[in-house]
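Per-entry structural report
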Amino acid sequence: MTQTSSLRQSLRVAPLPERRSGTLGLIVPVYDEAEAVGPFLEAVRPFLDGVADCEILFVNDGSRDGTLDRLCDAALEDRRIAVLNLARNFGKEAAMSAGLDHCDADAVIIMDVDGQDPPELIPEFLHLWRSGYDVVVGERVVRRSDSWMKRMTARLFYNVFNRLSSIKIPPNVGDFRLIDRRVVLAIRRLEERNRFMKGLYTWVGFPTASLPYERPARQAGRTKFKWRQLTRFALDGIFGFSTVPLKLSTYLSGLLAAGALIYAAYLIVRTLVFGVDLPGYASLMVVVLCAAAAQFFVLGLIGEYVSRLTIETKRRPVYILEGEYRRTDDP
Ligand code: UDP
Ligand code: MG
């Protein structure tokens, strides 16, 4: 910590004093990852041995294979491991929210179980956190493990999102990050059902550092995200964080009205000069079809917001917990 920032910290009384040397929590969402759990634990353990007090909180997101058994076996062997079991598959965003709601560590790191988030970064995350950053994000400098198509669509998404939304999310940054307890508490206050977590992490703010890393390929199993889900996810992000598309209807209707007026003026003049001209079917159809298409487009946009509003007004919980598993006997 620099001298000025430690001086500032000595003055801080609210809302929460900082605890930069306390406990570490790893939040690991898992869905059908029976083969990945063992290698994951093997890979992270060496980087946790130096950490005095830590917890690995797996969130089992309704796995249908033997993942829960594997996790419980691990929890039986190692008292640092705890398992939150969701009642069904709620999706990674909900699983991360569940983890954040149940982890009281002073710093939390969110990691995938498939080996794509290198545990070698944990000490560097902690170092940056201790030097005063509340959020440390892992920034993928090379995405060789992703296909060309995935990289291009991801780039397009970030471009559109950052243009439309008032918050800017850095491209090439995933969920792999460290967040301070104060940030966790802030995120818990966000009650929306549409959990586009990358947006929520950014929305709460706090000083952020980024740590470049090369993203390796998946170690075991297969990706859980298909194109259809990724598209939904992208739309959730855009419609959840921007109302610009709604305003589009205003611009579009203005444009159409201007076009209609110009065309009407032209028709009046033409009729006055050349008299009544009966064949007008083509121009009429073009105008009608254009207007109808614009209306359907805007209706579709409104529909996206209305459907999300419907979900939000029900105020259902983001996830349902089946149970929590951890050793409770005294060491
Ligand atoms: N995951 C989850 N629920 C889901 C889908 C995925 O908890 O519905 C977990 C998954 O087990 C993994 C992480 O989220 O630990 C990232 O998933 P994946 O590797 O399939 O995504 P990708 O790396 O391909 O974006
Ligand atoms: Mg992965």
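Residues numbered from 1 in each chain as written. Chains lettered and ligands numbered in written order. Predicted model: local features only at pLDDT ≥ 70, side-chain atom pairs only at ≥ 80, totals over all residues. Heavy atoms only, no water.

As a further point, take the overall build of the protein. Looking only at helices and strands, one finds 11 helices and eight strands in the protein. Here the C-alpha atoms of the protein give a radius of gyration of 26 Å, more than 25% beyond the 20 Å that 2.2 N^0.38 yields for 331 residues. Considering the protein as a whole, with its 331 residues, one finds that 40% of them fall into the buried category. Across the protein, the fraction of contacts at a sequence separation of at least 24, relative to all contacts at a separation of at least 6, is 83%. The positive charge centre, built from 43 side chains, and the negative charge centre, built from 39, are 7 Å apart in the protein. (Helix = DSSP H or I, 4+ residues; strand = E, 2+ residues; numbered from the N terminus. Rg over C-alpha atoms; globule rule 2.2 N^0.38 Å. Buried < 20%, exposed > 50% of the residue type's maximum accessible area, 1.4 Å probe, protein only. Contact = heavy atoms within 4.5 Å. Lys, Arg positive; Asp, Glu negative; His and termini not counted. Charge placed at Lys NZ, Arg CZ, Asp CG, Glu CD.)

Below, the discussion takes up the coordination of the magnesium ion (ligand 2). At this site the magnesium ion (ligand 2) is bound by Asp114 (OD) and Gln116 (OE1), with donor distances of 1.9 to 2.0 Å. With respect to class, aspartate 114 is no different from glutamine 116; both count as buried. (Donors = N, O, S within 2.8 Å, 3.2 Å for Na, K, Ca; no water.)

Time to look at the sheet that holds strand S2 (residues 54-60). Within the open sheet, the eight strands sit side by side as S7-S5-S6-S4-S1-S2-S3-S8. Their pairing is mixed. Taken across any chain shown, the strands that pair with only one partner, and hence form the sheet edges, are strand S7 (208-214) and strand S8 (321-325). Each strand of the sheet is rotated relative to its neighbour by a mean of 20°, with strand direction disregarded. Pairing geometry for strand S5 (residues 135-142) and S7, over seven bridges, is parallel. In the strand pairing of S7, valine 135 is matched with threonine 208. (Pairing = 2+ DSSP bridges. Axes fitted to C-alpha atoms, helices over the stretch in contact; angles between N-to-C directions.)

A separate point is the site of ligand 1. Taken together, the neighbourhood of ligand 1 is formed by 18 residues, with Glu33, Asp61, Asp114, Thr223 and Lys224 sitting nearest. Taking lysine 92, its main chain carries an N or O atom lying 3.5 Å from a nitrogen atom of ligand 1. With the chains in place, 92% of the 530 Å² that ligand 1 exposes on its own is no longer accessible. (Near = heavy atom within 4 Å. Polar contact = N/O pair within 3.5 Å; in protein donor to acceptor, adjacent residues only side chain to side chain. Areas by Shrake-Rupley, 256 points an atom, 1.4 Å probe, with all protein chains shown as cover.)

As a further point, take a nonpolar patch on the surface. A cluster of nonpolar side chains, namely Leu246, Phe296, Leu299, Ile302 and Val306, defines an oily patch on the protein surface of about 470 Å² accessible area. The dominant element in the nonpolar patch, judged by the number of residues it contributes, is helix H11 (residues 281-314), at four residues. For leucine 299, a relative accessible area of 53% translates into the label exposed. (Patch = residues over 30% accessible without salt bridge, like charges linked within 9 Å, V, L, I, M, F, W, Y side chains within 5 Å. Salt bridge = Lys/Arg side-chain N within 4 Å of Asp/Glu carboxyl O.)

Our focus in this paragraph is the packing of helix H4 (residues 92-102) against helix H7 (residues 181-188). How two helices sit against one another is set out by the angle between their axes and by the gap between those axes. Packing of H4 against H7 brings their axes to within 9 Å, and their N-to-C directions diverge by 120°. In this view, H4 runs oblique relative to H7, as classed from their interaxial angle. Here H4 and H7 pass one another in a crossing that is left-handed. Taking contact as the criterion, the partners of Leu100, Asp101 and His102 in H4 are, on H7, Val184, Ile187 and Arg188. Its residues assigned to classes, the contact of H4 with H7 shows three nonpolar, one polar and two charged. (Parallel < 35°, antiparallel > 145°, perpendicular 65-115°, else oblique. Left-handed = near helix turned anticlockwise from the far one by under 90°. Nonpolar A, V, L, I, M, F, W, Y, C, P; charged D, E, K, R; others polar.)

Moving on to the packing of aromatic side chains. What the rule picks out here adds up to 12 aromatic pairs. Geometrically, the ring pair formed by phenylalanine 157 and phenylalanine 196 is edge-to-face, given 6.0 Å between the ring centres and 75° between the ring planes. Pair noted here: phenylalanine 157 is in helix H6 (residues 148-164) and phenylalanine 196 is in the loop between H7 and helix H8 (197-204), with a separation of 39 residues, a long-range link. For the pair phenylalanine 157 and phenylalanine 196, one class covers both residues: buried. Relative to phenylalanine 241, the ring of phenylalanine 161 has its centre 6.0 Å away and its plane inclined at 55°; by these criteria the two rings are tilted. One end of the pair, phenylalanine 161, is in helix H6; the other, phenylalanine 241, is in helix H9 (residues 227-241), with 80 residues separating them in the sequence. Judged by its relative accessible area of 1%, phenylalanine 161 falls in the buried class. Against the face of phenylalanine 90 rests arginine 88, its NZ or CZ located 3.9 Å from the ring centre. (Phe/Tyr/Trp six-rings, centres within 6.5 Å; stacked < 30°, edge-to-face > 60°. Lys NZ or Arg CZ within 6 Å of the ring centre and 35° of its normal.)

Tracing the sequence through the fold places aspartate 134 in the loop between helix H5 (122-130) and S5. There is a polar contact of 2.8 Å between the side chain of aspartate 134 and the side chain of arginine 182.

This part is about the packing of helix H2 (residues 34-48) against helix H3 (residues 67-77). The N-to-C vectors of H2 and H3 enclose an angle of 25°; their axes lie 8 Å apart at closest approach. As summarised for this structure, H2 and H3 are arranged roughly parallel, according to the angle between their axes. Considering only the axes of H2 and H3, their crossing is right-handed. Across the interface between the two elements, Ala34, Glu35, Val37 and Leu41 from H2 touch Thr67, Arg70, Leu71 and Ala74 from H3. Residues belonging to the contact of H2 with H3 are distributed by class as follows: five nonpolar, one polar and two charged.

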